[in-house]
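Structural features, examined
One-letter residues, chain by chain:
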There are 2 protein chains.
Amino acid sequence: MAEVAVKERRILVAVDEGEESLYALSWCLNNVISDNPNSKDTLVLLYAKPPRTVYPAPLDGTGYMFSTDMISSLERYGKEVADCVTEKAKKMCKDLHDVETIVESGDPRDVICEMADKLAADVLVMGTHGYGLIKRAFLGSVSNHCAQNVKCPVLIVKKPKTK
Amino acid sequence: MAEVAVKERRILVAVDEGEESLYALSWCLNNVISDNPNSKDTLVLLYAKPPRTVYPAPLDGTGYMFSTDMISSLERYGKEVADCVTEKAKKMCKDLHDVETIVESGDPRDVICEMADKLAADVLVMGTHGYGLIKRAFLGSVSNHCAQNVKCPVLIVKKPKTK
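Each chain carries its own residue numbering, running from 1 in the written order of its sequence. The lettering of chains begins at A and the numbering of ligands begins at 1, in the order of writing. Where local features are concerned, this predicted model is filtered to residues with pLDDT of at least 70; where side-chain atom pairs are given and counted, the filter is 80 or more; whole-chain, interface and lining totals use all residues. To get the side-chain values, all heavy atoms of the structure are used, and hydrogens and water are removed first.

**Observations concerning the relation of the copies chain A and chain B**
With an RMSD of 0.0 Å, the operation that places chain A on chain B is a rotation of 180 degrees combined with a shift of 0.0 Å along the axis. In short, the pair behaves as if placed about a two-fold rotation axis. Considering only C-alpha atoms, the part of chain A nearest the rotation axis is A:Leu155, at 2.1 Å. Should any heavy atoms of two residues lie within 4.5 Å, those residues are counted as being in contact. Mapped onto chain B, 100% of the interface residues of chain A are again interface residues, and the two copies thus contact each other with one and the same surface. What sets the superposition is a least-squares fit of C-alpha atoms, and only residues with pLDDT of at least 70 in both copies go into it.

The following block contains the structure:
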């Protein structure tokens, strides 16, 4: 019998605090990850952490200044959220061999697009918050932005509304 | 050994005249359709045909009127394009058992969204023309619209640029 070439894929899943992204991950595990022995999928979990804010010194008398204590506790909090999200996501993938986790600081839109290209991902999977028209207009949609700017196929998974 | 439940999925692929949509179909065949015997995938190919235009009678002297001959030849042409696209797409799926074809008249955005809901598709797969910013602003993006309005997961596949 002819030897079948092993198909290797790198599947990038963007995760965040929302349940929507964990739903997208679970959909991906059930529908995209292959259980065919001739496929070797590597799952990469990507969390974009809000960037470390630079606080201007209040020399002009109008700025707010956070104490060093507050800055470090904000940073600690950010790290805890990142750990919590990635741990939760990793737990969902416990049956997989190849799972990597990446935490990057920055605007999720930039972080996700850059990482998809850098890793040469075969597919990007992401949830969507399903904001209404108004909220979307202000916040912009991360998934829309990525679908337009990422070169690889993008799978957008919406969490069904629970009744 | 416990009997494993067969997973049935209905995968809707929107096809049109562009190579982008056929590329999306081929990506779907290679990456989404499962070759696991415990999965039963039905592939539904959907082509949205431009609607039959209603030509107003030129009573006000300003309208254009097409002769009956021209109308029927336009319609024949539309049908030929639909046949050609769906035949080409079906040929690509010749190794699959369960392939259905649907041709519906109307704006692709409405046709695709309505059909995804009506069929309770598990996933909608579509290509993207990758228009630039200006063209997208005028034409609107079918894939954007569908990603925002369809309830099921949407997979947007971009055709890589050939050098």
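**What about the interface of chain A and chain B?**
Each partner contributes to the interface: chain A provides 22 residues, whereas chain B provides 22 residues. Here the quantity called buried area is the total loss of accessible area, with a 1.4 Å probe, experienced by two parts when brought into contact, counted for both. Both faces combined, the contact of chain A with chain B buries some 1900 Å², and carbon together with sulfur accounts for 39% of it. Salt bridge, as used here: a side-chain nitrogen of Lys or Arg that lies within 4 Å of a carboxyl oxygen of Asp or Glu. At the surface where chain A touches chain B, the tally comes to 0 salt bridges. What qualifies as a polar contact is a pair of N or O atoms within 3.5 Å, subject to a donor-acceptor requirement within protein and to the restriction that residues adjacent in sequence count only when both atoms come from side chains. Connecting chain A to chain B are 14 residue pairs in polar contact (both at pLDDT 80 or more). For helices the rule is a DSSP run of H or I covering at least 4 residues; for strands it is a run of E covering at least 2, with both sets numbered from the N terminus onward. Those elements that provide at least two residues to the side of chain A that touches chain B are β1 (7–15), α1 (19–31), α5 (142–149) and β5 (154–158) of chain A. It is β5(A) that provides the largest number of residues to the side of chain A that touches chain B, a total of 5 residues. Under the grouping applied here, Gly and all other residues not named as nonpolar or charged are polar, the nonpolar ones being Ala, Val, Leu, Ile, Met, Phe, Trp, Tyr, Cys and Pro and the charged ones Asp, Glu, Lys and Arg. Taken together, the residues of the side of chain A that touches chain B sort by class into 9 nonpolar, 6 polar and 7 charged.

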